[in-house]
Amino acid sequence: MLQDNKKTGWSFEIFPPRRTASVSTIYCTLADLKKLKPDFISVTYGAGGASQGGQTVEIVNAVKNHYEMNAVAHMPCIALTRDEARNQLAAFKNVGVEKILALRGDLPADGNVPHGEFSHADDLIRFVRSLDDFSDFRIYAACYPEKHPDSPDWESDIRYLKQKVDSGVDGLITQLFFSNSLFYDFMDRIRNAGIDVPVEAGIMPVINSRQIERMVQLCRASLPEKFCCVMNRFSDNPEAMFEIGCAYAVDQIIDLVAHGVDGIHLYTMNNPAVATRIFESVRAVIGRN
Ligand code: FAD
């Protein structure tokens, strides 16, 4: 995505601390992540409405202006009005951040769809592209190697993804996955459909069993047998889980780079120790020596 010809893209996702914690708790994490030479850091955003974006603005501001790294602000639109979306974009631009990951946001489990003015991510993308004030923005979007859970079939998933990309997307970041063959099949599908923007592969190192339960629930990522077997065997051994989670992610990354992936987007879970261990194992592979 943001790489030159010799390097594989290398980026991290972080999330704002819980509402009860100060945003400053993330700053040590940022200082550690900077040492790992990412092309950019993306910062998540709760989809509950415009008020949720404040922490994201504060953190992308720190990433960009204090830690001097590229920042990408996540921006779910499902609960936003057009005016709120314009204000949110202006808040990012005011702190010098002109890269967003345009998202729909997850629908609440209670089935109450928020009363925003956007139904899907492509509505937001067309909206941004229609505004002269934000014409320099780079827009990234999400994609799903196992198709989005709401999609009834692959045909509709890829059709809407193509529509989203054609509405003005510069690059895609994938949902996490644990089996690279799913990613390779997905890449064949999208390239055959004429989607040719760069795609960063989302990799999540799993270092405890709570994470697995959450992921299966939230992302519906499928878990390969080898993965389950190892996790079951060592789930009550934190040190082993750290080793295994990092090793599994490293194995995925090396295979992806060997297959010519555009970039790796590491879901860091705000854990720089994990990101550091992985970086040390793949730095030559991703061209960061
Ligand atoms: P869309 O692209 O709108 O797609 C959602 C579903 O609708 C798909 O089934 C698609 O096929 C279908 N569809 C798309 N366009 C149309 C259309 N025009 N008409 C009919 N159907 C359509 N959530 C957050 O709340 N905050 C975050 O910070 C966040 N970060 C994320 C980062 C990444 C890398 C990823 C992969 C996900 C992230 N999410 C985040 C979760 C995301 O919001 C959910 O996965 C959400 O359910 C879908 O978002 P989307 O932008 O992919 O949706």
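Scroll up to find the structure this text is about.
The rules behind these values
Residues numbered from 1 in each chain as written. Predicted model: local features only at pLDDT ≥ 70, side-chain atom pairs only at ≥ 80, totals over all residues. Heavy atoms only, no water. Core = buried A, V, L, I, M, F, W, Y, C linked by side-chain atoms within 4.5 Å. Buried < 20%, exposed > 50% of the residue type's maximum accessible area, 1.4 Å probe, protein only. Helix = DSSP H or I, 4+ residues; strand = E, 2+ residues; numbered from the N terminus. Near = heavy atom within 4 Å. Polar contact = N/O pair within 3.5 Å; in protein donor to acceptor, adjacent residues only side chain to side chain. Areas by Shrake-Rupley, 256 points an atom, 1.4 Å probe, with all protein chains shown as cover. Nonpolar A, V, L, I, M, F, W, Y, C, P; charged D, E, K, R; others polar. Salt bridge = Lys/Arg side-chain N within 4 Å of Asp/Glu carboxyl O. Pairing = 2+ DSSP bridges. Axes fitted to C-alpha atoms, helices over the stretch in contact; angles between N-to-C directions. Contact = heavy atoms within 4.5 Å. Phe/Tyr/Trp six-rings, centres within 6.5 Å; stacked < 30°, edge-to-face > 60°. Lys NZ or Arg CZ within 6 Å of the ring centre and 35° of its normal.

A short note on the nonpolar core
Formed by 73 residues in total, the largest nonpolar core has its most connected members in Trp10, Ile100, Leu172, Ile253 and Ile278. Considering every element that reaches this core, the biggest residue donor is helix α9 (residues 238-258), with six residues.

Description of the site of the ligand
Surrounding the ligand, one finds 25 residues, the nearest of these being Tyr45, Asp106, Tyr144, His148 and Lys164. Here a nitrogen atom of the ligand and a side-chain polar atom of Asp122 are 3.3 Å apart. His148 is positioned with one of its side-chain polar atoms (N or O) 2.8 Å from an oxygen atom of the ligand. For the ligand, whose free accessible area comes to 970 Å², the fraction covered by protein is 87%. At the level of secondary structure, the elements contributing two or more residues to the shell around the ligand comprise β3 (71-76), β4 (99-103), α4 (121-129) and α5 (154-166). Of the residues assigned to the shell around the ligand, the class counts are 11 nonpolar, eight polar and six charged.

So, the pattern of salt bridges
Working definition: two side chains of opposite charge can pair if their charged atoms are close together. Considering all chains together, one arrives at 13 salt bridges under this definition. Where Asp122 meets Arg126, a salt bridge forms, and the shortest distance between an N and an O atom there is 3.4 Å. Remark: Arg126 and Asp122 occur in helix α4; sequence separation between them is four residues, near one turn of the helix. What makes Asp122 buried here is its relative accessible area of 9%. A salt bridge links Glu155 to Arg159, with the nearest nitrogen and oxygen atoms 3.2 Å apart. Placement of the pair is Glu155 and Arg159 together in helix α5, with a separation of four residues, close to one helical turn. Overlapping salt bridges, with partners in common, bring together Asp122, Asp123 and Arg126 in one network.

Considering the sheet that holds strand β8 (residues 263-267)
A barrel is described by the order of its strands in space; here eight strands give the closed sequence β1-β2-β3-β4-β5-β6-β7-β8, paired in parallel fashion. The mean inter-strand angle of the sheet, taken between neighbouring strand axes irrespective of direction, is 25°. Where strand β7 (residues 199-203) lies against β8, four bridges are found, and the strand directions are parallel. The partner of Ala201 across the bridge, within β8, is Ile264. Along the sheet, α5 contacts β5 (138-143) and β6 (171-174); its crossing angle with β5, the most-contacted strand, is approximately 170°.

A few points about the packing of aromatic side chains
Counted according to the given criterion, the structure contains 11 aromatic pairs. When the centroid spacing of 6.3 Å and the interplanar angle of 50° are considered together, the rings of Tyr27 and Tyr67 count as tilted. Of this pair, Tyr27 sits in helix α1 (residues 25-34) while Tyr67 is found in the loop between α2 (53-66) and β3, placing the two residues 40 residues apart along the sequence. Ring centres 5.3 Å apart and planes at 85° place the aromatic pair Phe134 and Phe137 in the edge-to-face group. On the basis of relative accessibility, which here comes to 4%, the residue Phe134 falls in the buried class. Of the residues examined, Phe137 reaches a relative accessible area of 2% and is grouped as buried. Counting every residue linked through ring pairs, the aromatic cluster contains Trp10, Phe12 and Phe279. One cation-aromatic arrangement involves Arg82 over Phe118; the distance from NZ or CZ to the ring centre is 5.4 Å. For Arg233, the ring lying beneath its charged end belongs to Phe234, and the centroid distance is 4.8 Å.

Function-wise, these values are silent; they only describe arrangement.
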